[in-house]
Amino acid sequence: MNFNYRELLPEEMDGSSRVWIYQSSRLFTISEVFQIEKKLNEFVGSWNSHGTQVKGYANLFFGQFIVLMADETASGVSGCSTDSSIRLIKEMENIFNVQLLDRQLLAFFIKDKVQLLPLSQLSFGVTNGFILPDTMYFNNTVATKTELENNWIIPVKNSWLASRIVFPQSVSK
């Protein structure tokens with residue numbers, strides 16, 4: 001998998017731009033991808049905060065992660081504009097029959113593809129050797145463009161999950 005997603009991020013967006021990542025419970029089909037991209041473009045084109053256009057960006061990465069970004073140096077993002085983005089995500093959940101708001105579902109890059117694992121099964125994944133210290137993890141808690149660029153796809157050992165994991169001695173080196 002090519003992790004060069006940074007090349008798709010708009011350079012004109014400030015590093016402090018707010019980011020929201022919505023991970024799908026499954027990979028989208030090609031026809032769904034086209035529908036999602038259209039919906040995202042329409043949303044960003046009409047995204048407003050108190051009547052002012054939000055300088056926004058939206059994209060679908062790796063066929064499974066919807067990334068929304070708002071540059072608050074251009075205009076602030078209010079509760080109403082954030083609510084409108086949540087309505088969009090909930091609408092997509094209904095249309096495509098997926099979960100996009102489940103923060104208990106973790107994403108890892110294993111065997112050349114994105115693999116999902118419920119947080120409750122994390123210790124099982126570690127014990128059985130599926131999750132190793134250097135396994136790449138999609139850290140969907142990033143909150144800014146700079147964090148998205150530098151800390152979205154990182155080794156598990158460098159993520160917030162590291163404090164919840166005890167790796168067997170044979171793999172912790």
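Calculation notes
- Residues numbered from 1 in each chain as written.
- Predicted model: local features only at pLDDT ≥ 70, side-chain atom pairs only at ≥ 80, totals over all residues.
- Heavy atoms only, no water.
- Helix = DSSP H or I, 4+ residues; strand = E, 2+ residues; numbered from the N terminus.
- Rg over C-alpha atoms; globule rule 2.2 N^0.38 Å.
- Contact = heavy atoms within 4.5 Å.
- Lys, Arg positive; Asp, Glu negative; His and termini not counted.
- Charge placed at Lys NZ, Arg CZ, Asp CG, Glu CD.
- 1 Å grid on protein atoms, 1.4 Å probe; cavity = no way out; pocket = protein on both sides within 12 Å on 5 of 7 lines; lining within 4 Å.
- Points joined across faces, edges and corners; volume = space filled by probe spheres on them.
- Nonpolar A, V, L, I, M, F, W, Y, C, P; charged D, E, K, R; others polar.
- Pairing = 2+ DSSP bridges.
- Axes fitted to C-alpha atoms, helices over the stretch in contact; angles between N-to-C directions.
- Core = buried A, V, L, I, M, F, W, Y, C linked by side-chain atoms within 4.5 Å.
- Buried < 20%, exposed > 50% of the residue type's maximum accessible area, 1.4 Å probe, protein only.

Caption draft 1: Just the overall build of the chain, in detail. Along the chain, the regular secondary structure elements total 4 helices and 9 strands. Helices (α) and strands (β) of the chain occur, in sequence order from the N terminus, as β-α-β-β-β-β-α-β-β-α-β-α-β. Expected size for 173 residues packed as a compact globule is a radius of gyration near 16 Å; at 17 Å, the chain falls within 12% of this value. C-alpha extents for the chain along the principal axes are approximately 55 × 30 × 30 Å. Look at the contacts in the chain between residues 6 or more apart in sequence, and 65% of them connect residues 24 or more apart. Put simply, the chain has 15 plus and 17 minus side-chain charges, and the middle of one group is 7 Å from the middle of the other.

Caption draft 2: Representation of the layout of surface pockets. Here the largest pocket defines a volume of roughly 150 Å³. Lining the largest pocket are 13 residues, and of these D102, R103, L105, L106 and N140 sit closest to its centre. When residues of the lining of the largest pocket are traced back to their parent elements, those giving at least two are β6 (105-110) and β8 (136-138). When residues of the lining of the largest pocket are assigned to their parent elements, the largest contribution, 3 residues, is made by β6. Across the lining of the largest pocket, the residue classes break down as 8 nonpolar, 3 polar and 2 charged.

Caption draft 3: Examining the sheet that holds β8 more closely. The 4 strands are arranged β7-β6-β8-β9 in an open sheet whose pairing can be described as antiparallel. Looking along the sheet, the strands with just one partner apiece sit at the ends: β7 (113-118) and β9 (153-155). This sheet shows a mean twist of 35° between the axes of neighbouring strands, independent of strand direction. Bridge count between β8 and β9: 3 bridges; the pairing is antiparallel. From the neighbouring strand, Y137 faces β9, where its bridge partner is I154.

Caption draft 4: Region of the structure containing the nonpolar core. With 22 residues, the main nonpolar core has F28, I36, L40, I66, M92 and L100 as its most contacted residues. Taken together, the elements giving at least two residues each to this core come down to β1 (18-23), α1 (30-46), β4 (56-61), β5 (65-70) and α2 (79-96). By residue number, the principal contributor to this core is α1, which donates 5 residues. Ignoring any residue separated from it by four or fewer positions in sequence, one finds I66 in contact with W20, I21, Y22, I36, L40, N59, L60, I89, M92 and L100.

Caption draft 5: Here's a closer look at the sheet that holds β5. The strand order across the open sheet formed by 3 strands is β1-β5-β4, and the pairing between neighbours is antiparallel. Looking at which strands have only one partner, the edges of the open sheet turn out to be β1 and β4. The sheet shows a mean angle of 15° between the axes of neighbouring strands, taken without regard to direction. With 6 bridges joining them, β1 and β5 adopt antiparallel strand pairing.

Caption draft 6: Molecular detail of the environment of M92. For M92, the location among the structural elements is in helix α2. Sequence-wise, M92 and L9 are 83 residues apart; in three dimensions their C-alpha atoms are separated by 22 Å. Sequence-distant contacts of M92, that is, excluding residues within four places in its chain, are made with I36, K39, L40, I66, N97, V98 and L100.

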